[in-house]
Amino acid sequence: MPEALRQKIAPVVMASSRVLPVTEGLVPLIPSGDLRRGSTIVVAGHAGTGATSLAISLLAGASEAGHWCAAVGLADPGVAAMAELGLDLRRAVFIPRPRAGWAEATADLLDGAELVVLRPPARPNAAAARRLVARARDRRAVLVVVVEEAQRWPVVPEMTLTVASATWQGIGLGHGRLQARRAEVVVSGRHGAVERRTTIWLPSATGVVAPAATVR
Amino acid sequence: MVLVASGITTEGGRADEPRAFAEMLEVIVRRCPFVRPVRLGVAVLPARAPSRFFGGEEAVVDLLRRDLEDSDALAAGPLGVGVADGLFAAWLAARRSAIVQPSGTAAFLASFSLSVLGRPEMAQVLARLGVTTLGRLARLPEDRLIERFGEDGVHCRQVAAGEEGELRGLRDPGIEARLRALLEGEPPIAQPTFFGGTSLSAERALGSARRVQSWAGADAVLVARLFEGHDPGDRAALVPLGASGEAVLTATAPWPGGIPAPSPMTVLANRLPVVLRDPAGDPVGLTSSDLLTAVPGLVQVEGDRTHEVTAWAGPWPLATRWWSARRRRARLQVLTTAGVGLLLGAEAGSWWLLGRYD
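What counts as what
- Residues numbered from 1 in each chain as written.
- Chains lettered and ligands numbered in written order.
- Predicted model: local features only at pLDDT ≥ 70, side-chain atom pairs only at ≥ 80, totals over all residues.
- Heavy atoms only, no water.
- pLDDT = per-residue confidence, 0-100.
- Contact = heavy atoms within 4.5 Å.
- Helix = DSSP H or I, 4+ residues; strand = E, 2+ residues; numbered from the N terminus.
- Buried < 20%, exposed > 50% of the residue type's maximum accessible area, 1.4 Å probe, protein only.
- Pairing = 2+ DSSP bridges.
- Polar contact = N/O pair within 3.5 Å; in protein donor to acceptor, adjacent residues only side chain to side chain.
- Salt bridge = Lys/Arg side-chain N within 4 Å of Asp/Glu carboxyl O.
- Axes fitted to C-alpha atoms, helices over the stretch in contact; angles between N-to-C directions.
- Parallel < 35°, antiparallel > 145°, perpendicular 65-115°, else oblique.
- Left-handed = near helix turned anticlockwise from the far one by under 90°.
- Phe/Tyr/Trp six-rings, centres within 6.5 Å; stacked < 30°, edge-to-face > 60°.
- Buried area = accessible area lost by both parts, 1.4 Å probe.
- Nonpolar A, V, L, I, M, F, W, Y, C, P; charged D, E, K, R; others polar.
- Core = buried A, V, L, I, M, F, W, Y, C linked by side-chain atoms within 4.5 Å.

S.K.: How would you sum up the confidence of the model for chain B? Please name residues and give values.
M.R.: Close inspection of predicted coordinates is inappropriate for parts of the model with low pLDDT. Across chain B, pLDDT averages 76, with 73% of residues at or above 70. Counted against residues more than four places away or in other chains, residues 228-234 of chain B, with its pLDDT under 50, gives 25 contacts.

Next comes the structure, spelled out in structure tokens:
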């Protein structure tokens, strides 16, 4: 038993692996079950539709496996929600308000953390964006960019996840509570690869990301 | 569900020296990464997660005791491991190596002498009234205490009664900084240890984070800390990387706890005023019994346009232990026509945004 916990506590070093694991609930979106090191993923969605939750859940599998994560530009991070989605807060650093230094902070963190979530300013500079994508590739890290609309990020990513719609369940007129959110996510690959639409719980009533049966 | 905090104390012997204490923390952190120093010789950790993992509080206490006794780091000396609800009770439980169930907190505290509060003048005055134990103090009326001792008197009564988990002054806010200063240049007690191991990847990640700190300022780079309390899973704070213990205590106030998961993905550090109105446009407030005065119909967060409210839940009164009942607080979840979930806070007739379910 002590050995089991020791293993759980000691961060797993898998520097030689070419991929980082994703949490089980995201497999409908990412059938390979992992994120390629060095890649950039764009997560798009309007405020309040769950794009930030989706971005954080992309980190969960790797975080649980012992990798370090960083979040740049998430101005007021709700760390309890992040922990519920599977982010291990012991191995996460936050730069909530990098202001003009957003690109520099992201570049620095791509050097040291395996996964970096970035919410860039409304109109990120294209040259800065290209440098960050190149940095993620060089450092074999994963860059997850959260934007309102996918085209706001000026570099074509390896994968784009767009939250097309989201509906909360469990809340009524003065009763219940925000319990679970059903989100339709569009997955697209590079260069117009075939789009897929998938419905997931973001999160489910137990606070995690999970596949949802499609309602017809 | 039983939520407890455990206190671990060593009294006398080598553990009262900072270096031995740091070694003691090293022993504990290997099993329970969330351990925090409280003051010299006293460390605390949330008991819920490890007890679930090891199968009960008793098993955790036994394991920690064995670890500490077996370790070469510690010379044999008096050692106490205890579990109770709240830091203060757990600290006393450790003196008696006891496991106190939450329902038994007040009874457990009652027999202790007032001297454990560390307020000799108050103890002296109360002794003249025949009040010498926490149990007697717990039964004194608060209005008399506030007259004689001010707000601290009320605080001590609540601590003595087990209504308030943490005694002010029990924590030494500089302890972490002092331990770090003492051991500077000695890697075993470096900051990453408290966050779960000093691996190569931790060194790299924290190195890059410190580089950002070097040009963006120490306050620009934050880490989350979970600490003991009634709901350890929700008790989190963001503090600058490398901050001392004091920052942990002051950063907790706006935390929206008490509502089950999912928690809001955005939790505002500063109050953002909100106007909540009924469908006719009249303001919605709270009655004295924490009910809404009208049905919410329109919500406007400062800096944003007005949205229609399609559903709401609550209000949930905030379980505050503030001595005065004048500060009524409540929380309300609202869902807008845009499908956006908001968590609002209310106090004294005004609303503000606590969080958003992004």
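S.K.: Hey, could you go over the side chain of His155(B) for me, with residue numbers and the actual values?
M.R.: With respect to the helices and strands, the residue His155(B) is situated in helix H9 (residues 151-160). By relative accessible area, His155(B) is classed as buried at 4%.

S.K.: Please set out the pairing of strand E10 (residues 196-201) of chain A residue by residue, giving values where relevant.
M.R.: Residue and element names in this part refer to chain A. As paired strands, strand E9 (residues 176-189) and E10 are joined by 6 bridges and run antiparallel to one another. Pairing of valine 186 across the sheet is with arginine 197, part of E10. Where E10 and strand E11 (residues 210-211) come together, 2 bridges link them in antiparallel fashion. The residue of E11 that forms the bridge with isoleucine 200 is proline 211.

S.K.: Provide a residue-level description of the side chain of Gln158(B), including the pertinent values.
M.R.: Within the secondary structure layout, Gln158(B) lies in helix H9. Only 3.3 Å separates the side chain of Gln158(B) from the side chain of Glu142(B), close enough to count as a polar contact.

S.K.: Please give an account of the environment of Glu114(A) that cites residues and values.
M.R.: Topologically, Glu114(A) is positioned in the loop between helix H4 (102-112) and strand E6 (115-118). As a C-alpha pair, Glu114(A) and Leu143(A) span 29 residues in sequence and 8.7 Å in three-dimensional space.

S.K.: I'd like a rundown of the pattern of salt bridges, residues and numbers included.
M.R.: All names here are of chain A. In the structure shown here, the tally under the stated rule is 15 salt bridges over all chains. With a closest N to O distance of 2.9 Å, arginine 135 and aspartate 111 form a salt bridge. Of this pair, arginine 135 sits in helix H5 (residues 126-139) while aspartate 111 sits in helix H4, placing them 24 residues apart in sequence. You can call aspartate 111 buried: its relative accessible area is 17%. Measuring nitrogen to oxygen at the nearest pair gives 3.8 Å for the salt bridge that ties arginine 152 to glutamate 149.

S.K.: So what's going on with the packing of helix H1 (residues 18-31) of chain B against helix H3 (residues 57-70) of chain B? Residues and values would help.
M.R.: All names here are of chain B. H3 packs onto H1 with a crossing angle of 140 degrees between their chain directions and a minimal axis gap of 10 Å. With respect to each other, H1 and H3 are oriented oblique. For the pair H1 and H3, the crossing hand works out as right-handed. Across the interface between the two elements, Met24, Val27, Ile28 and Arg31 of H1 pack against Leu63, Leu64, Asp67 and Leu68 of H3.

S.K.: Tell me about the confidence of the model for chain A, residues and numbers included.
M.R.: Counting all residues, the mean pLDDT for chain A is 88, and 90% of those residues have values of 70 or more. The low-confidence segment residues 1-16 of chain A, where pLDDT is below 50, has 28 contacts with residues more than four positions distant or belonging to other chains.

S.K.: Summarise the packing of aromatic side chains; cite the residues concerned and give the values.
M.R.: One pass over the full model with this rule turns up 3 aromatic pairs over all chains. Their ring planes at 80 degrees and their centres at 5.7 Å tell us that Trp168(A) and Tyr357(B) sit as a pair that is edge-to-face. In this pair, Trp168(A) sits in strand E8 (residues 159-171) while Tyr357(B) sits in the segment after strand E12 (350-356), so the two residues belong to two different chains. Residue Tyr357(B) is classed as buried on the basis of its relative accessible area of 2%. For the pair Phe88(B) and Trp91(B), a centre-to-centre distance of 6.0 Å together with 45 degrees between the ring planes defines the contact as tilted.

S.K.: Report on the pairing of strand E3 (residues 42-46) of chain B, specifying residues and quantitative values.
M.R.: Looking down a regular strand, the side chains alternate between one sheet face and the other. Residue and element names in this part refer to chain B. Counting buried residues in E3 gives 5 out of 5 residues, a clear majority hidden from the surface. Taking every second residue as pointing to the same face, both faces of E3 are buried, with Val42, Val44 and Pro46 on one and Ala43 and Leu45 on the other. Taken together, the 3 bridges between strand E2 (residues 36-39) and E3 define a ladder with antiparallel strand orientation. Among the inter-strand pairings, arginine 36 is bridged to a residue of E3, identified as valine 44. Counting the residues between successive antiparallel strands, the hairpin from E2 to E3 contains 2 residues, one of them, glycine 41, with a positive phi of roughly 90 degrees.

S.K.: Break down the interface of chain A and chain B for me, citing the residues and quoting the values.
M.R.: Counting residues at the interface gives 53 residues for chain A and 53 residues for chain B. In total, chain A and chain B occlude about 4,900 Å² of area from one another, counting both sides; carbon and sulfur atoms represent 65% of this. On the chain A side of the interface with chain B, the three residues burying the most area are Trp68(A), Asp76(A) and Arg90(A), jointly 13% of the side's total. At the surface where chain A touches chain B, the tally comes to 2 salt bridges. Between the two partners, chain A and chain B, sit 16 residue pairs in polar contact (both at pLDDT 80 or more). For the side of chain A that touches chain B, the elements supplying multiple residues, two or more each, are helix H1 (2-9), helix H2 (51-64), helix H3 (79-84), strand E5 (92-95), H4, E8 and E9 of chain A. Per-element tally for the side of chain A that touches chain B: the top contributor is H4(A), with 6 residues.

S.K.: Please give an account of the packing of H4(A) against helix H12 (residues 200-216) of chain B that cites residues and values.
M.R.: Look at H4(A) against H12(B): their axes get within 7 Å of each other, and the N-to-C directions meet at 160 degrees. With respect to H12(B), the element H4(A) is oriented roughly antiparallel. Every pair of crossing elements has a handedness; the one defined by H4(A) and H12(B) is right-handed. Packed against H4(A), whose contacting residues are Glu104(A), Ala105(A), Asp108(A), Leu109(A), Asp111(A) and Gly112(A), the element H12(B) presents Ser201(B), Arg204(B), Ala205(B), Ser208(B), Ala209(B), Arg211(B), Val212(B) and Trp215(B) at the interface. Among the residues forming the contact of H4(A) with H12(B), the class breakdown is 6 nonpolar, 3 polar and 5 charged.

S.K.: I'd like a description of the sheet that holds strand E7 (residues 266-277) of chain B, backed by residues and values.
M.R.: Residue and element names in this part refer to chain B. Taken together, 6 strands build a closed barrel; the order of strands is E7-E8-E9-E10-E11-E12 and the barrel is antiparallel. The average undirected angle you get between the axes of adjacent strands in this sheet is 45 degrees. Sheet analysis places E7 next to strand E8 (residues 298-301), joined by 4 bridges and oriented antiparallel. Counted as the bridge partner of leucine 276 is valine 299 from E8.

S.K.: Account for the nonpolar core, naming residues and giving values.
M.R.: In this structure, Leu29(A), Val43(A), Leu54(A), Leu58(A), Leu87(A), Phe94(A) and Leu161(A) are the most contacted members of the largest nonpolar core, which totals 44 residues. Counting residues per element, this core draws most heavily on H2(A), which supplies 7 residues. Those residues within four positions of Leu58(A) in sequence are excluded, and the remaining contacts are Val22(A), Leu26(A), Ile30(A), Leu35(A), Ile41(A), Val43(A), Val144(A) and Leu161(A). One finds Leu109(A), Ala136(A), Trp153(A) and Ala220(B) within the second-largest nonpolar core, a separate group that totals 37 residues.

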